[in-house]
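Inside the fold
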Amino acid sequence: MLQRPHATAEAGLGTTVLGVLGLIVLPIALIGLLLSGGGLVWGIVAGAAALAVLVAYLDPFGR
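Summary of the structure given here. (Residues numbered from 1 in each chain as written. Predicted model: local features only at pLDDT ≥ 70, side-chain atom pairs only at ≥ 80, totals over all residues. Heavy atoms only, no water.)

1. Thoughts on the overall build of the protein chain
Regarding its fold elements, the protein chain presents two helices and zero strands. When the 63 residues of the protein chain are sorted by exposure, 16% land in the buried category. For the protein chain, the share of sequence-separated contacts (at least 6 apart) that also reach a separation of at least 24 residues comes to 58%. (Helix = DSSP H or I, 4+ residues; strand = E, 2+ residues; numbered from the N terminus. Buried < 20%, exposed > 50% of the residue type's maximum accessible area, 1.4 Å probe, protein only. Contact = heavy atoms within 4.5 Å.)

Now the structure itself:
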């Protein structure tokens, strides 16, 4: 009765999906950066994808 409730599986699954999307988008953004010669939008997309992978790796909502 005094134990903490267990974390739901949906929160961890959300960060996993975020990480998978980041792993898909990151190479595309890097190719876009290479082809465009350093476009700002591709840099922002690559940074957001890298951040998504980092959040999924750290998994703040998991156990």
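2. A few points about the environment of G47
With respect to the helices and strands, G47 occurs in helix α2 (residues 40-58). Assessed through its relative accessible area of 39%, G47 is described here as partly exposed.

3. What about a nonpolar patch on the surface?
A contiguous nonpolar surface patch, about 590 Å² in accessible area, is contributed by V17, V20, L21, I24, V25, I28 and W42. Looking at the secondary structure, you find V17 in helix α1 (residues 9-36). (Patch = residues over 30% accessible without salt bridge, like charges linked within 9 Å, V, L, I, M, F, W, Y side chains within 5 Å. Areas by Shrake-Rupley, 256 points an atom, 1.4 Å probe, with all protein chains shown as cover. Salt bridge = Lys/Arg side-chain N within 4 Å of Asp/Glu carboxyl O.)

4. Some thoughts on α2
For α2, spanning 19 residues, the distance from its first C-alpha to its last is 27 Å, which sits close to the expected 27 Å at 1.5 Å a residue. All buried positions along α2 are accounted for by A46, A49, A52 and A56. Burial along α2 is one-sided: seen end-on, the buried residues are contained in an arc of 120°. Exposed residues on α2 whose side chains face more than 90 degrees from its buried face are L40, I44, L51 and L58. Where α2 terminates, the next one or two residues include D59, which has phi positive at roughly 45°. (Expected span 1.5 Å × (residues − 1). Arc of directions from axis to C-beta.)

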